[in-house]
Amino acid sequence: MLAMEAVETAVASCTKQGYGVTATVIDTDAQRIAMLRGDTAGVHTFEASWGKAYTAVGFAPIFKLDSGGEVAERVAQQYSATQLGKIGALPFQPPEGMIFRAGGLTIKLGDEVIGAIGVGGAPTAQADEACARAGLDKIRDRLR
């Protein structure tokens, strides 16, 4: 199963760097298709990896982007740090569980988003995203 290969590769990529992470692949309804928690990953990484994938699959297509990290950057550019600190400053109410940080990438078949992969647990969101990208790259050419 491609989803399992993707999460295995993402977790292995982070493990090689000494990071304990969890990787999750979801469909467009945010249902978990595959999930793998590395041996040293914290318990919080289970929800973090799902939240990053959920954000990517939910908002990246709206903004015509490919990652939750890009969505977070777009939101930060549009709203000052002061505005972001105020309750209700965003023009939308993010659903519970979304994480506006790097670490979630859309999975596409051509231009159609068919799911997302998220990684949580590395010391930085950028490291999470690099591991997610390794997982996605492993399966990209075989998506049909």
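Coordinates for the structure precede this section.
As the structure is a prediction and not an experimental result, all values here were calculated from the model.

Engineer: I tried to follow the overall build of the protein on my own but got confused; where do I start?
Structural biologist: Helix and strand counts for the protein come out as five helices and four strands. Taken across its 144 residues, the protein has 45% of its residues classed as buried. Accessible surface computed for the protein: about 7,600 Å², of which carbon and sulfur atoms make up 50%.

Engineer: Explanation requested: the layout of surface pockets in the structure shown.
Structural biologist: Considering only enclosed or pocket space, the largest pocket measures out at about 160 Å³ in volume. Taken together, the elements giving at least two residues each to the lining of the largest pocket come down to helix H1 (2–16), strand E1 (22–27) and strand E4 (112–120). With three residues, the single largest contributor to the lining of the largest pocket is E1.

Engineer: Would you mind showing me how to read the sheet that holds E4 here?
Structural biologist: In a beta sheet, neighbouring strands pair by backbone hydrogen bonds and run either parallel or antiparallel. With antiparallel pairing, four strands are arranged side by side in an open sheet as E2-E1-E4-E3. In the strand order of this sheet, the two ends are held by strand E2 (32–37) and strand E3 (104–109), each with one partner. Put simply, the sheet's adjacent strands are angled 15° from each other on average, direction ignored. For E1 and E2, the ladder comprises five bridges, and the chain directions are antiparallel. Paired with Thr24 across the bridge in E2 is Met35. The sheet strands contacting H1 are E1, E2 and E4, and the helix crosses E2 at an angle near 25°.

Engineer: Teacher, can you tell me more about the pairing of E1 here?
Structural biologist: Across a regular strand the side chains alternate sides, sitting on one face of the sheet and then on the other. Counting buried positions along E1 gives five out of six residues, so the element sits mostly inside the fold. Connecting E1 to the next strand, E2, in antiparallel fashion are four residues, including Ala30 with a positive phi near 65°. As paired strands, E1 and E4 are joined by six bridges and run antiparallel to one another. Residue pairing across strands places Thr24 opposite Gly118, the latter belonging to E4.

Engineer: Can you walk me through unusual backbone geometry in this structure?
Structural biologist: Trans peptide bonds make up the majority, and among non-glycine residues the majority have a negative phi. Despite not being glycine, Ala30 shows a phi value in the positive range, around 65°. Here Ala30 lies in the loop between E1 and E2. The buried category is assigned to Ala30, whose relative accessible area is 10%. One non-glycine residue with positive phi stands out, namely Lys64, at about 60°. With respect to the helices, strands and loops of the structure, Lys64 is situated in the loop between helix H2 (45–59) and helix H3 (68–78). Lys64 gets classed as exposed once you look at its relative accessible area, which sits at 73%.

What counts and how
- Residues numbered from 1 in each chain as written.
- Predicted model: local features only at pLDDT ≥ 70, side-chain atom pairs only at ≥ 80, totals over all residues.
- Heavy atoms only, no water.
- Helix = DSSP H or I, 4+ residues; strand = E, 2+ residues; numbered from the N terminus.
- Buried < 20%, exposed > 50% of the residue type's maximum accessible area, 1.4 Å probe, protein only.
- Areas by Shrake-Rupley, 256 points an atom, 1.4 Å probe, with all protein chains shown as cover.
- 1 Å grid on protein atoms, 1.4 Å probe; cavity = no way out; pocket = protein on both sides within 12 Å on 5 of 7 lines; lining within 4 Å.
- Points joined across faces, edges and corners; volume = space filled by probe spheres on them.
- Pairing = 2+ DSSP bridges.
- Axes fitted to C-alpha atoms, helices over the stretch in contact; angles between N-to-C directions.
- Contact = heavy atoms within 4.5 Å.

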